[in-house]
Amino acid sequence: MVIIGAGPGLGFSLAKTFGKNGFRIALVSRTQEKLDKYAEQLGEMGIEAQGFAADITNKMQLMRAFQEIKNTFGTYRCLGV
């Protein structure tokens, strides 16, 4: 599952919920350091997660992040809007 704009509130809560149900979690936001912290916390809960830094207003950064996600987790399907 890819969470765009991952943060300590809703994004982290969604990551925990889906992660506990067997989803691997890709977190996307601007700051890699924060993403690494969230991924570490999720890992301590037994959830496979990794952060991918990108500014969603920058198309090239976002495309690069999705390519890195694909390279890390394999192919993906878009389940939402």
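Residues numbered from 1 in each chain as written. Predicted model: local features only at pLDDT ≥ 70, side-chain atom pairs only at ≥ 80, totals over all residues. Heavy atoms only, no water.

Caption draft 1: Seen up close, the packing of helix 1 (residues 10–20) against helix 2 (residues 32–44). Packing of helix 1 against helix 2 brings their axes to within 11 Å, and their N-to-C directions diverge by 30 degrees. As summarised for this structure, helix 1 and helix 2 are arranged roughly parallel, according to the angle between their axes. Crossing handedness for the pair helix 1 and helix 2: right-handed. Residues F12, A15 and K16 of helix 1 touch helix 2, and the partners they reach there are Y38, Q41 and L42. (Axes fitted to C-alpha atoms, helices over the stretch in contact; angles between N-to-C directions. Helix = DSSP H or I, 4+ residues; strand = E, 2+ residues; numbered from the N terminus. Parallel < 35°, antiparallel > 145°, perpendicular 65-115°, else oblique. Left-handed = near helix turned anticlockwise from the far one by under 90°. Contact = heavy atoms within 4.5 Å.)

Caption draft 2: Spotlight on the sheet that holds strand 2 (residues 25–29). One open sheet holds the three strands; their spatial order is 1-2-3, and the pairing between them is parallel. Among the strands making up the open sheet, the edge pair consists of strand 1 (2–4) and strand 3 (49–53). Along the sheet, successive strands turn relative to each other by an average axial angle of 20 degrees, direction set aside. Bridge count for strand 1 against strand 2 is three bridges, and the pairing is parallel. Paired with I4 across the strands is V28, a residue of strand 2. Across the sheet, helix 1 lies against strand 1 and strand 2, angled at about 170 degrees from strand 2, the strand it touches most. Against the sheet, helix 3 (residues 59–73) contacts strand 1, strand 2 and strand 3, and its axis sits at roughly 155 degrees relative to strand 3. (Pairing = 2+ DSSP bridges.)

Caption draft 3: Broad picture of a negative patch on the surface. A cluster of acidic residues, E33, D36, E40 and E44, forms a negative patch at the surface. With respect to the helices and strands, the residue E44 is situated in helix 2. (Patch = residues over 30% accessible without salt bridge, like charges linked within 9 Å, V, L, I, M, F, W, Y side chains within 5 Å. Areas by Shrake-Rupley, 256 points an atom, 1.4 Å probe, with all protein chains shown as cover. Salt bridge = Lys/Arg side-chain N within 4 Å of Asp/Glu carboxyl O. Lys, Arg positive; Asp, Glu negative; His and termini not counted. Charge placed at Lys NZ, Arg CZ, Asp CG, Glu CD.)

Caption draft 4: Up close: the environment of E68. Inspection of the secondary structure puts E68 in helix 3. You can call E68 partly exposed: its relative accessible area is 32%. (Buried < 20%, exposed > 50% of the residue type's maximum accessible area, 1.4 Å probe, protein only.)

Caption draft 5: Spatial organisation of the pairing of strand 3. Burial runs high along strand 3: four of the five residues are buried. Summarising the sheet, strand 2 and strand 3 pair through five bridges and their orientation is parallel. Of the residues in strand 3, the one forming a bridge with L27 is G51. Each parallel crossover has a hand, and the one from strand 2 via helix 2 to strand 3 is right-handed. (Right-handed = clockwise from strand over helix to strand, strands pointing away.)

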